[in-house]
Amino acid sequence: MLESFRQEAAEALEKLTENGYMAYLIGGSVRDYLMGCPMGDIDITTDATPDEVESVFKGYKLIETGIKHGTVTLIINGLPIEITTFRHDGDYTDNRRPDFVRFSSSLEEDISRRDFTINAIALSSSDELIDLCGGKEDIDKRIIRCIGDADRRFNEDALRILRALRFSSVLDFDIEEECSESIHKNKELLKNISAERTTSEIKKMILGPRAGDILLEYSDVIETIIPEIGPSVGFDQKNHHHIYDVYTHSVYALSYAQNDIYTRLALLFHDIGKVATATTDERGEQHFKGHPKKGAEITDALLQRLRFSNADRKTIVQLVAMHDTPLYVENRHTPSYLRIKRVLAKIGESQTRRLIEIHKCDNMAQNMNYYLGDDYYDTLYSMLDKAVESNLCLSVSNLAVDGNILKKMGYHDREIGKLLKEILKLVIDEKIENDKEKIIEYIQNKKDRGQKI
């Protein structure tokens, strides 16, 4: 069994046992092994104190990542292995970390303070599985269950609430009833968790195969950490195109998307501006003019608060702002090559692919009587492929003229940028060829007619 783990993990485990210490692989790597999944982080628990661990691995690269809490990170051949001393935790007054830890010589005591049964299975260097909490059975039943009292576990570390949702989403496991009730009951504790840790869990959870189910069943928990979503939960759209409230529609749209974090988060937030822009006509039907712009503003603010990187935030906000951009011929649901080229020129290939998928998932999560059909979206993708493969002129830098030529024609700096953008649009719209002589002729004619830039 141990040979299934990377040799570096076996080496660390065996070196500790050779020096007279108890040592076990524990946590996600053992769980993943038992599930037949690719193994993630390697964690070892031991009765060796941090000083003794450092002595055993003298000459190895060591990082004192959490020395106060008994954790030393060992690096072997570039693989980080977290080695933590058996411990008993004190009170958790901040709902995140224990006020103090007491090192222990008991594996049982160490296991009893962990979060979920599926993460508390230990594996020795002699291939002995030690499962004191029924974790193997819960893996077989595909259940997330707290170790001991769920309320106590979540009060100790509120991040465990999001970890439970993430494990359920990613592993496609059910959350055991007592654990589920405690999550709803203790959701307010999440306000004590840092934005960075919250965001890390959200990004993992949103990519799981059960993300849609979790977002719907635990909308109250999501609203606690993203209160901007609150107004959309249960908000009746009263529009013939829609059969779900705003939040449910957004979640269904997300659940149809591929595993791209930008696409999924953009779909979660794409209609977040609808409540603020809703108007009702004389027939009682609602409309949401300007909701993409408003949604982009709300999304930008909440992503900043959640400490998303600037690059991630801009990518997601751009998709929210453009999610309603028409990709069809005016007044007809016929895919438009021209509009695809315009969007491609504005946001690039990757974002355009995401935007097409957002259009499709958004459409699928509406009244299916108005679904445009797979062929419609396949055509959009084909048009995008054609535009990319044709190596079209889609940026000012690819034009056959540049600023120096325009300067020689008498234009000033502020005019040059506007004129180049105008020419680019004409080239994209196929109203003028990207040919130096023809572009100069167009500019000269414009100048001769006295047309302003």
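Higher on the page you've got the structure.
Residues numbered from 1 in each chain as written. Predicted model: local features only at pLDDT ≥ 70, side-chain atom pairs only at ≥ 80, totals over all residues. Heavy atoms only, no water.

Novice: How do you make sense of the overall build of the chain when you look at a structure like this?
Specialist: Each helix and strand counted, the chain has 21 helices and 13 strands in total. Here the chain has a C-alpha radius of gyration of 28 Å; the compact-globule value for 453 residues is 22 Å, and the former is much larger. Along the three orthogonal principal directions, the C-alpha set of the chain runs to about 90 × 60 × 40 Å. Out of the 453 residues in the chain, the part that is buried amounts to 51%. If you take every contact in the chain between residues at least 6 apart in sequence, the share linking residues at least 24 apart comes to 64%. Only carbon and sulfur atoms are counted for the fraction: they give 46% of the accessible area of the chain, which is about 21,700 Å². Charge separation in the chain, taken as the distance between the mean sites of 61 positive and 77 negative side-chain charges, equals 9 Å. (Helix = DSSP H or I, 4+ residues; strand = E, 2+ residues; numbered from the N terminus. Rg over C-alpha atoms; globule rule 2.2 N^0.38 Å. Buried < 20%, exposed > 50% of the residue type's maximum accessible area, 1.4 Å probe, protein only. Contact = heavy atoms within 4.5 Å. Areas by Shrake-Rupley, 256 points an atom, 1.4 Å probe, with all protein chains shown as cover. Lys, Arg positive; Asp, Glu negative; His and termini not counted. Charge placed at Lys NZ, Arg CZ, Asp CG, Glu CD.)

Novice: Would you mind showing me how to read the pattern of salt bridges here?
Specialist: Two side chains bearing opposite charge may form a pair once their charged atoms approach each other closely. On inspection of all chains with the given rule, the structure shows 34 salt bridges. The shortest N-O distance in the salt bridge between aspartate 385 and arginine 353 comes to 2.6 Å. Pair noted here: aspartate 385 is in helix α18 (residues 374–389) and arginine 353 is in helix α17 (residues 337–364), with a separation of 32 residues, a long-range link. Connected through shared salt-bridge partners, Arg152, Arg153, Glu156 and Arg160 make up one network. (Salt bridge = Lys/Arg side-chain N within 4 Å of Asp/Glu carboxyl O.)

Novice: In this structure, what is going on with the sheet that holds strand β4 (residues 71–76)? I would like to understand it.
Specialist: Strand pairing in a sheet relies on backbone hydrogen bonds, with the paired strands running either antiparallel or parallel. Spatial ordering of the open sheet is given by β3-β4-β5-β2-β1-β8-β9, a layout of seven strands whose pairing is mixed. At either margin of the open sheet sits one strand with a lone partner, and together these are β3 (61–66) and β9 (129–130). As paired elements, β3 and β4 share four bridges and run antiparallel to each other. By the bridge assignment, glycine 66 is partnered in β4 with threonine 71. (Pairing = 2+ DSSP bridges.)

Novice: Just to check I follow, could you spell out unusual backbone geometry for this structure?
Specialist: Residues apart from glycine generally show negative phi values, whereas peptide bonds are mostly found in trans. Positive phi, normally seen in glycine, also occurs at lysine 238, with a value near 45°. Looking at the secondary structure, you find lysine 238 in the loop between α11 (219–225) and α12 (246–256). For lysine 238, a relative accessible area of 48% translates into the label partly exposed. The backbone of asparagine 391 sits at a positive phi, close to 55°, despite the residue not being glycine.

Novice: Would you mind showing me how to read the pairing of β4 here?
Specialist: For a regular strand, side chains alternate in direction, first toward one face of the sheet and then toward the other. The buried fraction of β4 amounts to six of the six residues, a majority that puts the element mostly inside the structure. Of the two faces of β4, the one carrying Thr71, Thr73 and Ile75 and the one carrying Val72, Leu74 and Ile76 are both buried. Pairing of β4 with strand β5 (residues 79–85), which is carried by six bridges, proceeds in the antiparallel orientation. Looking at the pairing, isoleucine 76 lines up with leucine 79 of β5. What sits between the antiparallel neighbours β4 and β5 is a turn of two residues, in which asparagine 77 has the positive phi angle 50°.

Novice: What should I look at first to understand empty space enclosed by the protein in this one?
Specialist: Rolled over the atoms, a probe as big as a water molecule pinpoints where empty space is left. Applying the stated criterion across every chain yields a total of three cavities of 30 Å³ or more. Here the largest cavity defines a volume of roughly 40 Å³. Forming the walls of the largest cavity are Ile229, Ser232, Val246, Tyr247, Ser250, Leu268, Phe269, Asp271 and Ile272. Counting residues per element, the ones that place at least two in the lining of the largest cavity are α12 and α13 (261–269). The biggest single contributor to the lining of the largest cavity is α12, with three residues. The residue makeup of the lining of the largest cavity, split by class, is six nonpolar, two polar and one charged. (1 Å grid on protein atoms, 1.4 Å probe; cavity = no way out; pocket = protein on both sides within 12 Å on 5 of 7 lines; lining within 4 Å. Points joined across faces, edges and corners; volume = space filled by probe spheres on them. Nonpolar A, V, L, I, M, F, W, Y, C, P; charged D, E, K, R; others polar.)

Novice: I would appreciate a short explanation of the layout of surface pockets in the present structure.
Specialist: When its volume is computed, the second largest pocket comes out at roughly 740 Å³. Lining the second largest pocket are 26 residues, with His241, Asp324, Tyr328, Asp362 and Gln366 sitting closest to its centre. At the level of secondary structure, the elements contributing two or more residues to the lining of the second largest pocket comprise α15 (291–305), α17 and α18. Take the lining of the second largest pocket: its biggest share by element is three residues, from α17.

Novice: What is the right way to read helix α9 (residues 195–205) from this model?
Specialist: Residue pairs spaced three or four apart in an α-helix point in one direction, given the helix's 3.6 residues per turn. Considered for burial, the residues of α9 that qualify are Ala195, Thr198, Thr199, Glu201, Ile202 and Met205. The arc that holds every buried residue of α9, seen down its axis, measures 165°, which confines them to one face. (Arc of directions from axis to C-beta.)

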